[in-house]
Amino acid sequence: MTSAKRAADDAAVLDVTDLHVEFDTHGGVVKAVRGASFSVGAGKTLAIVGESGCGKSVSVQSIMGLIPMPPGRITRGVARFDGVDIIRQKIVNGEDVRGNRIGMIFQDPMSALNPTMRVGDQIAETLQVHR
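Residues numbered from 1 in each chain as written. Predicted model: local features only at pLDDT ≥ 70, side-chain atom pairs only at ≥ 80, totals over all residues. Heavy atoms only, no water.

**Overview of the side chain of Ser 59**
Next up, step 1: Position of Ser 59 relative to the elements: it lies in helix α2 (residues 56–63).
Next up, step 2: Note on Ser 59: relative accessible area 7%, which makes it buried.
Next up, step 3: A distance of 2.7 Å separates a polar atom in the side chain of Ser 59 from the backbone oxygen of Gly 55.
Next up, step 4: Contact partners of Ser 59, with chain neighbours within four places excluded, come to Leu 19, Val 33 and Ala 36. (Helix = DSSP H or I, 4+ residues; strand = E, 2+ residues; numbered from the N terminus. Buried < 20%, exposed > 50% of the residue type's maximum accessible area, 1.4 Å probe, protein only. Polar contact = N/O pair within 3.5 Å; in protein donor to acceptor, adjacent residues only side chain to side chain. Contact = heavy atoms within 4.5 Å.)

**Some remarks on the sheet that holds strand β3 (residues 72–81)**
Next up, step 1: Strand order across the open sheet formed by four strands is β2-β1-β3-β4, with antiparallel pairing between neighbours. One side of each edge strand has no neighbouring strand; the edge strands of this open sheet are β2 (28–41) and β4 (84–85).
Next up, step 2: Bridge count for β3 against β4 is two bridges, and the pairing is antiparallel. Its bridge partner being in β4, Phe 81 is matched across the sheet by Val 84.
Next up, step 3: Packed on one face of the sheet, α2 meets β1 (12–25), β2 and β3 and runs near 110 degrees to β1. (Pairing = 2+ DSSP bridges. Axes fitted to C-alpha atoms, helices over the stretch in contact; angles between N-to-C directions.)

**Structural notes on the pattern of salt bridges**
Next up, step 1: Enumeration according to the criterion identifies four salt bridges in this entry.
Next up, step 2: Here Arg 76 and Asp 18 are joined by a salt bridge, their closest N and O atoms 2.8 Å apart. Here Arg 76 is found in strand β3, whereas its partner Asp 18 is found in strand β1, with 58 residues between them in sequence.
Next up, step 3: Among the residues examined, Arg 76 registers a relative accessible area of 44% and is labelled partly exposed.
Next up, step 4: Between Asp 24 and Arg 73 there is a salt bridge, with its nearest N and O atoms 2.8 Å apart. (Salt bridge = Lys/Arg side-chain N within 4 Å of Asp/Glu carboxyl O.)

**Describing the side chain of His 20**
Next up, step 1: One can find His 20 in strand β1.
Next up, step 2: Taking the relative accessible area as the measure of exposure, His 20 reaches 15% and is therefore buried.
Next up, step 3: Beyond its immediate chain neighbours, meaning those up to four positions away, His 20 contacts Val 33, Arg 34, Gly 35, Arg 73, Ile 74, Thr 75 and Arg 76.

**Notes on unusual backbone geometry**
Next up, step 1: In the segment running from Met 69 into Pro 70, the intervening peptide bond is cis, with an omega of -10 degrees.
Next up, step 2: Residue position: Pro 70 is located in the loop between α2 and β3.
Next up, step 3: Here Pro 70 and Pro 71 are connected by a cis peptide whose omega angle stands at 15 degrees.
Next up, step 4: Along the chain, Pro 71 turns up in the loop between α2 and β3.
Next up, step 5: Located in the positive-phi region is Asp 18, a residue other than glycine, with phi close to 55 degrees.
Next up, step 6: Non-glycine residue Asp 82 carries a positive phi angle of around 50 degrees.

By themselves, these figures tell us nothing about what the structure is for.
What follows is the structure, encoded as structure tokens:
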């Protein structure tokens, strides 16, 4: 394999660098994420593991634009998806990248699938909404 081909295969589709996320609370500012960095290559899987409350969900939710602002805010960091910082630019080439090009599976089993609907219908609904 040539070095150019290897570099293309190893290129990160998602590259998060020095992510910092804070929340204003009645008790003061909570620094929920302090300097998270990771990358995911094309066709690769990344598992983010850690103790409860360590910032796993907040990191990914902030990248996806799902934390309420305020009280939350991203104070520093970059999340490049195919070279575009999706923290600051959600629309890429005229389309919202969330749901269409990048998605998130929530860890909460009570909200992951609706037990009153067929699984196939729920999967189809996602594709219909985002395509």
